[in-house]
Amino acid sequence: MFAALDDQIRRSVRGMRHAEHVTCKGLHARLIQRLQDGGWSEADYPFTNASYAWESFRRWYVVRHAHHQRQSCARTTSEASGRHGTLSPAVAAPFREIQIDAWRIDAMFGLTLVHDTGYIERLEVARFWLLAAVDSQTTAVVAYRYGFNTQVTQDDLLDLLGALCQRWQPMTLTRPGLAYPSGSGLPSGLIDEAAYAAPTIICLDNAWAHQAHRVRQFVVQTMGGIFNCGHPRQPTARRLVETLFKRMAVAVHRLPNTTGSTPHDPRRLKNAKHHSGRDVSIDECRELLELVICDYNAAKPRADLRGASPLEQMRRACDAGYLIRQLGPAARHEGAAFTATRRVTIHTSRSLGVKPWITLVYQRYRGPCLARYDGSPRVEVRYDTRDIRFLEVYTLAGTYLGPVEVQGTWRAFKHDARFRAQVCREAAQSKRRAGDPMNRYLNQLLEAPATPARALELHRLRELVSTSGPQPSKHTIDSNAAAPGTMAKPDPGTPARHKLQRLRWRPLERPPPTDRSAS
């Protein structure tokens, strides 16, 4: 009976013709049905167990499934070695298949907010996401990014795919005692052939963000790859990236601000009043996880790679003659993953003396090119979704007309469509059309109750504003503010400002509420 089940697993793993895709749950139900048809009574094992020996069967299934996968990989490698006589059986083609997944970091971090009165408020940031891409053949981490949202969005995934197509640069480490291990890093920064690589197959799960049209369009059209979402509820199909997350969890669980894997984890802090999540900043977490990932790529020789580290395995493949498909020059710039196009209409009202405009995400765009254009009112605009202040206008035939920019206070600093839509939604609900809607929205966010979700949104805006040029007069990023627990010294001659400051690595005793009201 088990021989027949094992044969079904083998055929499913190898992808044989007319083979049935089997799952552990389905095979267990099939086994129980066969035992009942065979005359097994309720007094016989496994019917004496409440779960019908589910855990024992699951362990057997995992062992047999891994065994057949190893045999299938060895068979594929042997066939490749026969076709290319100079290649070693221990070498496989890198960037043929990339596994992508996301993990919510098991820790709470701190964010320091300096108010216009000088009062420094320490906030606790909600758990955010780590997105990683792992090469299936060499098990090397080829790219990773963070998602500062309650759920992974398509912009987070596009950011990861864009990093996959760029050259890795080492991070500037600020914490004393931290340093990169010798020979560690990401392949795109250490191996020339791995820079600007275009994977053949992108393996993801069936999350909503992965079904976005922009994600599929970038993978298929720009990268020229295959989009593979896999079967539902099969996380073992991307076991390499899941193994990476387990390694990351071991490092994060050593921090004093860890939340543990489950609510009943003994490493979880029992008393919320003594929670030390505010003592570790997000920037310090980034440096820690950067070193963990780089060390993972240059780890000690591993048995599954025949005595080589992931980086050494990728170098062997490149030296053996495997060619890595490269992206074209047009797709190598940093914002290739965020380039979007949309067809819009040019609105005119020459009788009233109003200049022509284009509407995108609730706001009007104007420019000299619209006044000079006399063709069809339907045009195409191209823009970076991370900064929608400026658009490039083209005719439907592809002729470039010129740039246009958003009107009003929206030109103040860089923002995306999500932020603008949220601000316009808040303005519509409050029925306040006059004034600066962005500053009004930020003031409401800053004065809202101190919750982890609010702190996470503030940090996302901090990341958005810190990479922009001009900023609003009332909301700026300041990395040189006063130390926590002190009063910031306002600069005479300048208006009061709200500032976001990077958190220091030391505990902070929160001032009593009376001090805040007095300030």
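Residues numbered from 1 in each chain as written. Predicted model: local features only at pLDDT ≥ 70, side-chain atom pairs only at ≥ 80, totals over all residues. Heavy atoms only, no water.

A. The arrangement of the overall build of the protein chain in detail. The secondary structure content of the protein chain amounts to 14 helices and 15 strands. Across the 519 residues that make up the protein chain, the buried fraction comes to 47%. Put simply, of all contacts in the protein chain between residues at least 6 apart along the chain, 66% involve residues at least 24 apart. Element-wise, carbon and sulfur atoms account for 52% of the exposed surface of the protein chain, whose accessible area totals about 27000 Å². (Helix = DSSP H or I, 4+ residues; strand = E, 2+ residues; numbered from the N terminus. Buried < 20%, exposed > 50% of the residue type's maximum accessible area, 1.4 Å probe, protein only. Contact = heavy atoms within 4.5 Å. Areas by Shrake-Rupley, 256 points an atom, 1.4 Å probe, with all protein chains shown as cover.)

B. Quick peek at the packing of helix H4 (residues 154–164) against helix H6 (residues 213–222). Between H4 and H6, the shortest axis-to-axis distance is 9 Å and the interhelical angle comes to 15°. On the basis of their axis angle, the class for H4 and H6 is roughly parallel. Every pair of crossing elements has a handedness; the one defined by H4 and H6 is left-handed. Taken together, the residues of H6 that come into contact with H4 (itself represented by Gln154, Asp155, Leu157, Leu158 and Leu161) are Arg214, Val215, Phe218 and Val219. (Axes fitted to C-alpha atoms, helices over the stretch in contact; angles between N-to-C directions. Parallel < 35°, antiparallel > 145°, perpendicular 65-115°, else oblique. Left-handed = near helix turned anticlockwise from the far one by under 90°.)

C. Region of interest: unusual backbone geometry. Of note, the amide linkage connecting Tyr45 to Pro46 takes the cis form, showing an omega dihedral of 15°. With respect to the element layout, Pro46 can be found in the loop between helix H2 (24–37) and helix H3 (54–83). In this model, Thr139 sits at a positive phi of 60°, which is unusual for a non-glycine residue. Among the structural elements, Thr139 can be located in the loop between strand S4 (129–135) and strand S5 (141–147).

D. Local environment of helix H12 (residues 437–447). Of all eleven residues making up H12, eight are buried, and the element is well covered by its neighbours. Every buried residue of H12 is listed here: Pro437, Met438, Asn439, Arg440, Tyr441, Leu442, Leu445 and Leu446.

E. Structural view of the sheet that holds strand S10 (residues 363–366). Within the closed barrel, the six strands sit side by side as S8-S9-S10-S13-S12-S11. Their pairing is antiparallel. Neighbour-to-neighbour, the strand axes of the sheet open up by a mean angle of 40°, direction not taken into account. Across three bridges, strand S9 (residues 354–360) lies against S10 in antiparallel orientation. Residue Leu360 lies in a different strand from S10, and its bridge partner there is Gln363. Across the sheet, helix H11 (residues 417–430) lies against S9, S10, strand S12 (387–395) and strand S13 (400–406), angled at about 125° from S10, the strand it touches most. (Pairing = 2+ DSSP bridges.)

F. Quick look at the nonpolar core. Ile105, Phe109, Phe128 and Ile358 are the most contacted members of the largest nonpolar core, which totals 69 residues. Broken down by element, this core gets its largest block of residues, eight residues, from helix H7 (residues 239–252). Sequence-distant contacts of Phe128, that is, excluding residues within four places in its chain, are made with Trp103, Arg104, Ile105, Phe109, Tyr146, Gly147, Phe148, Ile282, Cys285 and Leu456. Residues Ala197, Phe218, Cys318 and Ile324 belong to the second largest nonpolar core, which totals 39 residues. (Core = buried A, V, L, I, M, F, W, Y, C linked by side-chain atoms within 4.5 Å.)

G. Expanded view of empty space enclosed by the protein. In total, this model carries three cavities of 30 Å³ or more according to the counting rule given. Its boundaries defined by the atoms lining it, the second largest cavity holds a volume of some 40 Å³. Taken together, Val423, Glu426, Ala427, Ser430, Pro437, Arg440, Tyr441 and Gln444 form the lining of the second largest cavity. (1 Å grid on protein atoms, 1.4 Å probe; cavity = no way out; pocket = protein on both sides within 12 Å on 5 of 7 lines; lining within 4 Å. Points joined across faces, edges and corners; volume = space filled by probe spheres on them.)

H. Here's a closer look at the sheet that holds strand S1 (residues 97–104). Read across the sheet, five strands follow the order S5-S4-S1-S6-S7 without closing on themselves; strand pairing throughout is mixed. A strand with exactly one partner marks an edge of an open sheet, and here the two such strands are S5 and strand S7 (226–228). Averaged over all neighbouring strand pairs, the angle between strand axes comes to 20°, with direction disregarded. The pairing of S4 with S5 spans six bridges and is antiparallel. In the strand pairing of S5, Leu131 is matched with Arg145. H6 contacts strand S6 (201–203) and S7 of the sheet and is inclined by roughly 140° relative to S7. Its contacts with the sheet put H7 on S1, S4 and S5, and the angle it makes with S1 is roughly 35°.

I. Highlighting the pattern of salt bridges. Enumeration according to the criterion identifies 19 salt bridges in this entry. A salt bridge links Arg382 to Glu380; its shortest N-O distance comes to 3.5 Å. Under the relative-accessibility criterion, Arg382 is labelled partly exposed at 33%. Here the salt bridges do not stand alone but share partners, grouping Asp416, Arg418, Glu457 and Arg460 into one network. (Salt bridge = Lys/Arg side-chain N within 4 Å of Asp/Glu carboxyl O.)

J. Molecular detail of the pairing of strand S8 (residues 339–349). Taken together, the seven bridges between S8 and strand S11 (residues 378–384) define a ladder with antiparallel strand orientation. Bridging from a neighbouring strand, Thr341 pairs with Arg382 of S11. Across three bridges, the pairing between S8 and S9 is antiparallel. By the bridge assignment for S9, His347 is matched with Trp357.

K. Quick look at the pairing of strand S3 (residues 120–125). Counted residue by residue, S3 has six buried out of six residues, so it is predominantly covered. As paired elements, strand S2 (residues 109–114) and S3 share six bridges and run antiparallel to each other. The residue bridging Val114 from the neighbouring strand is Ile120, located in S3.

L. Quick look at the environment of Tyr196. Residue placement: Tyr196 occurs in the loop between helix H5 (187–190) and S6. Between the C-alpha atoms of Tyr196 and Ala163, which are 33 residues apart in sequence, the distance is 9.3 Å.

M. Region of the structure containing the confidence of the model for the protein chain. On average, residues of the protein chain score 79 in pLDDT, and 82% of them are at 70 or above. Note that residues 80–89 has pLDDT below 50 and, in this model, eight contacts with residues that lie over four places away or in other chains. (pLDDT = per-residue confidence, 0-100.)

N. Examining helix H9 (residues 310–320) more closely. Of the positions making up H9, those classed as buried are Pro310, Leu311, Gln313, Met314, Ala317 and Cys318. Each buried residue of H9 sits inside an arc of 160° when the element is viewed along its axis, so together they form one side. Those residues of H9 hidden inside the fold are in contact with S4, H5 and helix H8 (282–297). Just past H9, the residue Gly321 takes up positive phi, approximately 115°. (Arc of directions from axis to C-beta.)

O. Focus on the packing of aromatic side chains. With the rule as written, the count across this model stands at 13 aromatic pairs. Ring geometry for Trp103 versus Phe245: centroids 6.0 Å apart, planes at 25°, classification stacked. Of the two residues, Trp103 is situated in strand S1 and Phe245 in helix H7; the sequence distance between them amounts to 142 residues. Each member of the pair Trp103 and Phe245 is classed as buried. Aromatic rings pair up to connect Phe109, Phe128, Tyr144, Tyr146 and Phe148 into one cluster. Across the ring face of Trp357, the terminal group of Arg364 is positioned such that the distance to the ring centre comes to 3.9 Å. Looking at Arg420, its charged tip hangs above the ring of Trp410, at a distance of 5.4 Å from the centre. (Phe/Tyr/Trp six-rings, centres within 6.5 Å; stacked < 30°, edge-to-face > 60°. Lys NZ or Arg CZ within 6 Å of the ring centre and 35° of its normal.)

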